[in-house]
Amino acid sequence: TDLRLLTCVYVMLESYGRIGEILALTEDDVDFERGIITFNQTKNNLFRSVPVSKQTIKIMSELLETNQKSFPRNHNRFFLTNTGKQMKYSSLKKSLLTAAQRAGLKQHVTFHYFRHTAATNFIRQGGSIKTLQYYLGHSDINVTEIYLHEDDEYNRQTQQEYTPLNILKDNTLKTRKGQRSHRQKFR
């Protein structure tokens, strides 16, 4: 069960998938060579393909291999119960809450929290909002912009790092240093 939940967390964070889309994944939906997950069962009935890391592909392969050994009839599904049936949202949610409690987390953890975290960090690291819109499976960019909610401290840090005054300050310092060394040459 820990491998199943860990795999789910990896997939949620890297694929930006909704939990229902992730639970529906089969072996056929993953290109293990290229590292791409294709969501075919989506909220808006439009498929989308999202690249993921080798690490996520590796853990998905491990889970699939474990499932194939334990439950040959459902050999192509990733998220199965301990009895080999397709996992339902409520069962996985219970598993997540148990893991959060074991970890000593005080904050309420939801599957959507991972999607929101992934989207926010994508933007913070300079990712394109149009690319994020595609990854999230939103047909309207306005819905994607909801994920851009940033905390005040992050906004303050970003503004201080990228303010145009930094360029002026740097140029002023370079000019002053250049003037001093020029003056020193002629003394």
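Quick notes on the rules
Residues numbered from 1 in each chain as written. Predicted model: local features only at pLDDT ≥ 70, side-chain atom pairs only at ≥ 80, totals over all residues. Heavy atoms only, no water. Salt bridge = Lys/Arg side-chain N within 4 Å of Asp/Glu carboxyl O. Buried < 20%, exposed > 50% of the residue type's maximum accessible area, 1.4 Å probe, protein only. Helix = DSSP H or I, 4+ residues; strand = E, 2+ residues; numbered from the N terminus. Pairing = 2+ DSSP bridges. pLDDT = per-residue confidence, 0-100. Contact = heavy atoms within 4.5 Å.

### Notes on the pattern of salt bridges
Point 1. Under the counting rule described, the total for this entry stands at five salt bridges.
Point 2. Note that R18 is salt-bridged to E21, the shortest N-O span being 2.8 Å. Here R18 matches E21 in class, with each residue buried.
Point 3. Between E65 and K69 there is a salt bridge, and its shortest N-O distance comes to 3.5 Å. Taken together, the residues E65 and K69, both in helix α3 (residues 54–70) and four residues apart, mark about one turn of the helix.

### Regarding the pairing of strand β3 (residues 48–51)
Point 1. Across the two faces of β3 the burial differs, with R48 and V50 buried and S49 and P51 not buried at all.
Point 2. Summarising the sheet, strand β2 (residues 36–39) and β3 pair through four bridges and their orientation is antiparallel. Considered in β3, the bridge of I37 is made with V50.

### Comments concerning the confidence of the model for the chain
Point 1. In this model, the chain carries a mean pLDDT of 84, and residues with pLDDT of at least 70 account for 84%.
Point 2. The element-level mean pLDDT for the chain is lowest in helix α9 (residues 164–185), coming to 61, with strand β1 (residues 30–31) highest at 97.
Point 3. Residue range residues 181–187 is modelled with pLDDT below 50. Its contacts to residues more than four positions away, or to other chains, number zero contacts.

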